[in-house]
Amino acid sequence: MAMVCLTDFEEYAKEHLSKATWDYYAAGADECCTRDDNLLAYKRIRLRPRVLRDVSVSDTRTTVQGTEMSFPVGIAPTAFHCLAWQEGEIATARATEALNTCYITSTYSTCSVEEIVAAAPNGYRWFQLYMYRDRKLSEQLVHRVEALGYKALVFTVDVPYTGKRRNDIRNQFRLPRHLKVKNFEGEFQQETSVPEEYGIPGNTLDPSISWKDIYWLQSITHLPIIVKGILTKEDAELAVEHGVQGIIVSNHGGRQLDGGPASIDALVEIVDVVAGRIEIYVDGGIRTGSDVLKALALGAKYVFIGRPAVWGLAYKGEEGVREVLQILNDEFRLSMALAGCRNVAEINRNLVQFSKL
């Protein structure tokens, strides 16, 4: 069967992954209101196309943190890619390298950062970081990825505690014995008395994280710091004041606080308050090229996809992720042209309106 759009990959993945694995990837917190609203919010936004604009030549290139990307869609940090495909994150890295787009490697990868770099040495990568009670764990990861040539740190700030994901609790979700959180291999040998949570001991995350930790990160690395998980203009202003280089507007795929805003709905107030001082990105709910166009029109510099990358892996590994990205690129190019835009610089807020429905 020809894979025509991202929902084709979703249906394939749901059919072919085990129930526990599918539920893990699909999970939202509590009643999944925010997870579902991430998608519905894009449908509430209408495009205002301009015509007779000579769109015979179009250019989807953009830059992130000064580096040219072939189109404005990257891979958000998602955990445990080996659950979907044997090669896991190695396949994801190769796909993004081939298409010249950004891959944010998750701390919770089932391949190590070293294996990922060896598999795709020329790929453009950022590393997603959590803050742990044992700061040495975080610090060692920062130094490893900086030495390996990762280009930025993505500091996830919306997980002082893990959200309540009902199906994971019902399924008693655990990583299969043959898989590990590779970046922490050998770190937790003595922790057998503590219940496991998503591959590592359950009390490892630090709920005391605060804005001071931005300064701590800046003291141990020269890498740009991108803060992921901001949903309000107040926190966006604080992020700028603390000297970060970028913000990913994100609600963690609806997996943390249920009842918060859809990412795309939070984007506008953040773009307005930041006023171009740093780059703003967004993830959550992007399923079509016109979704990408809407996000850029509302001020995002770049967008990231999470679950669709996993669906691509489940379909055909590296080739599947490439297909997902290529479909989005082709749809974005077409939507851009049909809306009267020849390049990303011509995309602005005049292109969108919010539906009254």
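See the structure printed just above.
What you see is a predicted model; the values in this text were computed from it and never measured.

Novice: Requested: an account of the packing of aromatic side chains, with residues and values cited.
Specialist: Applying the stated rule across the entire model yields 17 aromatic pairs. Judged by centre distance (4.6 Å) and plane angle (10°), the rings of tyrosine 24 and phenylalanine 173 are stacked. Taken together, the residues tyrosine 24 in helix α2 (residues 19-26) and phenylalanine 173 in the loop between α7 (166-171) and β8 (196-197) connect sequence positions 149 residues apart. Among the residues examined, tyrosine 24 registers a relative accessible area of 6% and is labelled buried.

Novice: Kindly report on the nonpolar core, identifying the contributing residues and their values.
Specialist: Of all hydrophobic cores here, the largest spans 108 residues; its most connected members are Phe80, Tyr108, Leu217, Ile247, Leu267, Ile280 and Ile347. The biggest single contributor to this core is helix α12 (residues 307-338), with 13 residues. When neighbours within four sequence positions are excluded, leucine 217 is seen to be in contact with Leu129, Met131, Val142, Leu153, Phe155 and Ile225.

Novice: So what's going on with the pattern of salt bridges? Which residues, and what values?
Specialist: Evaluation of the coordinates by the stated rule reveals 17 salt bridges. Two residues, aspartate 265 and arginine 44, come together in a salt bridge whose shortest N-O distance is 3.0 Å. Separated by 221 residues along the polypeptide, aspartate 265 in helix α10 (residues 263-274) and arginine 44 in the loop between α3 (33-43) and β1 (45-47) bring together distant segments of the chain. By relative accessible area, which is 33% here, aspartate 265 ends up partly exposed. Given the relative accessible area of 30%, arginine 44 is considered partly exposed. Arginine 144 is paired through a salt bridge with glutamate 114; the nearest N and O atoms lie 2.9 Å apart. Here the residue arginine 144 occupies a position in helix α6 (residues 135-148), and glutamate 114 occupies one in helix α5 (residues 113-119), the gap between them amounting to 30 residues. The exposure class of glutamate 114 is partly exposed, given its relative accessible area of 32%.

Novice: Lay out empty space enclosed by the protein in plain terms, naming residues and giving numbers.
Specialist: Think of a ball as big as a water molecule: rolled over the atoms, this probe shows where empty space is left. In total, this model carries two cavities of 30 Å³ or more according to the counting rule given. Considering only enclosed or pocket space, the largest cavity measures out at about 590 Å³ in volume. Lining the largest cavity we find 41 residues, and of these Pro77, Thr78, Ala79, His252 and Arg255 sit closest to its centre. Of all the secondary structure elements, the ones that give two or more residues to the lining of the largest cavity are α2, α3, β9 (200-201), β13 (302-305) and α12. Among the residues making up the lining of the largest cavity, the classes are represented as 19 nonpolar, 14 polar and eight charged. Roughly 30 Å³ of internal volume is contained in the second largest cavity. Taken together, Leu137, Gln140, Leu141, Arg144, Asn183, Phe184 and Glu187 form the lining of the second largest cavity. Residues that form the lining of the second largest cavity fall into these classes: three nonpolar, two polar and two charged.

What counts, and where the lines are drawn
- Residues numbered from 1 in each chain as written.
- Predicted model: local features only at pLDDT ≥ 70, side-chain atom pairs only at ≥ 80, totals over all residues.
- Heavy atoms only, no water.
- Phe/Tyr/Trp six-rings, centres within 6.5 Å; stacked < 30°, edge-to-face > 60°.
- Helix = DSSP H or I, 4+ residues; strand = E, 2+ residues; numbered from the N terminus.
- Buried < 20%, exposed > 50% of the residue type's maximum accessible area, 1.4 Å probe, protein only.
- Core = buried A, V, L, I, M, F, W, Y, C linked by side-chain atoms within 4.5 Å.
- Contact = heavy atoms within 4.5 Å.
- Salt bridge = Lys/Arg side-chain N within 4 Å of Asp/Glu carboxyl O.
- 1 Å grid on protein atoms, 1.4 Å probe; cavity = no way out; pocket = protein on both sides within 12 Å on 5 of 7 lines; lining within 4 Å.
- Points joined across faces, edges and corners; volume = space filled by probe spheres on them.
- Nonpolar A, V, L, I, M, F, W, Y, C, P; charged D, E, K, R; others polar.

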